Amino acid sequence: LATLVSCSSTKKKQQQKAELYFGAGTQSLMNQEYTDALTNLLKANELDPDNPEIINNLAMAYYFKGEKDLAIKA
């Protein structure tokens with residue numbers, strides 16, 4: 001049971017970190033700071049790779065930086 005609780009707690013902490021990076025990346029995206037947006041969104045994606053909102057904003061950041069191939073791949 002302790003292992004289950006520990007894993008759940010670790011997952012929750014990762015989720016919270018991902019949300020912070022996502023928020024910072026989204027704010028940078030809206031401020032047209034695309035390099036900073038990519039930095040934060042890539043970190044968010046590492047922590048939560050199946051989150052469609054992160055993937056969407058990551059694709060937009062790549063697109064606005066002129067990295068259309070990476071945008072499509074995302």
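1. A few points about unusual backbone geometry
Point 1. Look at Gln 32: it is not a glycine, yet its phi comes out positive at around 60°.
Point 2. In this fold, Gln 32 is placed in the loop between α1 (2–30) and α2 (34–47).
Point 3. Residue class for Gln 32 comes out exposed when judged on its relative accessible area of 59%.

2. So, the packing of aromatic side chains
Point 1. Counted according to the given criterion, the structure contains 2 aromatic pairs.
Point 2. A ring pair is formed by Tyr 34 and Phe 64, whose centres lie 5.4 Å apart and whose planes are at 20°; its orientation type is stacked. Residue Tyr 34 is located in helix α2, and its partner Phe 64 is located in helix α3 (residues 52–64); the two are separated by 30 residues in the primary sequence.
Point 3. Residue class for Phe 64 comes out partly exposed when judged on its relative accessible area of 44%.

3. Here's the deal with the nonpolar core
Point 1. Membership of the largest hydrophobic core is limited to 9 residues, which are Leu 29, Tyr 34, Ala 37, Leu 38, Leu 41, Leu 58, Ala 61, Tyr 62 and Ala 71.
Point 2. Elements represented by at least two residues in this core include exactly α2 and α3.
Point 3. Among the elements that make up this core, the one with the highest residue count is α2 (4 residues).
Point 4. Every residue in contact with Leu 41, bar those within four places of it in the chain, is listed here: Tyr 21, Phe 22, Gly 25, Thr 26, Ile 54, Asn 57, Leu 58 and Ala 61.

Parameters and conventions
- Residues numbered from 1 in each chain as written.
- Predicted model: local features only at pLDDT ≥ 70, side-chain atom pairs only at ≥ 80, totals over all residues.
- Heavy atoms only, no water.
- Helix = DSSP H or I, 4+ residues; strand = E, 2+ residues; numbered from the N terminus.
- Buried < 20%, exposed > 50% of the residue type's maximum accessible area, 1.4 Å probe, protein only.
- Phe/Tyr/Trp six-rings, centres within 6.5 Å; stacked < 30°, edge-to-face > 60°.
- Core = buried A, V, L, I, M, F, W, Y, C linked by side-chain atoms within 4.5 Å.
- Contact = heavy atoms within 4.5 Å.

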